[in-house]
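# Results of the structural survey
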Amino acid sequence: MRLSTRNQLHGTVVSVTRGEAMAVVRVRLTGGDEITSSITRDAADDLQLADGSPVTVLIKSTEVTLGVD
């Protein structure tokens, strides 16, 4: 599959925490950093995500906001 999304990071699922409607997926990237994604539980189930699953993190956003005091 070819995608227009240019920000593609390869990694491995570290954990999947499933709630009633959402799942929080932690991914360890190739360089060792971790990133977290909140997706629907149905999507996590459809993708059969589990610890150790190889994944590609696709990031397409017009805004990323961080703040500190």
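Quick caveat, the model's predicted, so the values are computed rather than measured.

## Focus: the sheet that holds strand E2 (residues 22-29)
Strand order in the open sheet formed by four strands is E3-E2-E1-E4, with antiparallel pairing between adjacent strands. Of all strands in the sheet, those bounded by a partner on one side alone are strand E3 (34-40) and strand E4 (54-59). Taking the axes of each pair of neighbouring strands and ignoring which way they run, one obtains an average angle of 45° across the sheet. As defined by bridge partners, E2 adjoins E3 across seven bridges and the pair is classed as antiparallel.

## Observations regarding the environment of valine 68
For valine 68, the position within the fold is in the segment after E4. Counting along the chain gives 36 residues from valine 68 to glycine 32, while the straight-line C-alpha distance between them is 24 Å.

## Looking at the layout of surface pockets
Here the largest pocket is characterised by a volume of approximately 340 Å³. Residue lining of the largest pocket: 14 residues in total, with Ser37, Ile39, Thr56, Val57 and Leu58 positioned closest to the centre. Breaking the lining of the largest pocket down by element, the ones donating at least two residues are E2, E3 and E4. At five residues, E4 tops the list of elements feeding residues into the lining of the largest pocket. The residue inventory of the lining of the largest pocket, partitioned by class, reads 11 nonpolar, three polar and no charged.

## Looking at the UniProt feature "domain: Mop" (unreviewed entry) in the protein
As annotated by UniProt and renumbered to match this structure, "domain: Mop" (unreviewed entry) occupies residues 2-68. Span residues 2-68 is 9% helix and 49% strand, its end C-alpha atoms 37 Å apart.

Here is what the cut-offs are and how they apply
Residues numbered from 1 in each chain as written. Predicted model: local features only at pLDDT ≥ 70, side-chain atom pairs only at ≥ 80, totals over all residues. Heavy atoms only, no water. Pairing = 2+ DSSP bridges. Helix = DSSP H or I, 4+ residues; strand = E, 2+ residues; numbered from the N terminus. Axes fitted to C-alpha atoms, helices over the stretch in contact; angles between N-to-C directions. 1 Å grid on protein atoms, 1.4 Å probe; cavity = no way out; pocket = protein on both sides within 12 Å on 5 of 7 lines; lining within 4 Å. Points joined across faces, edges and corners; volume = space filled by probe spheres on them. Nonpolar A, V, L, I, M, F, W, Y, C, P; charged D, E, K, R; others polar. UniProt positions renumbered as here; feature names shortened; annotations may be inferred.

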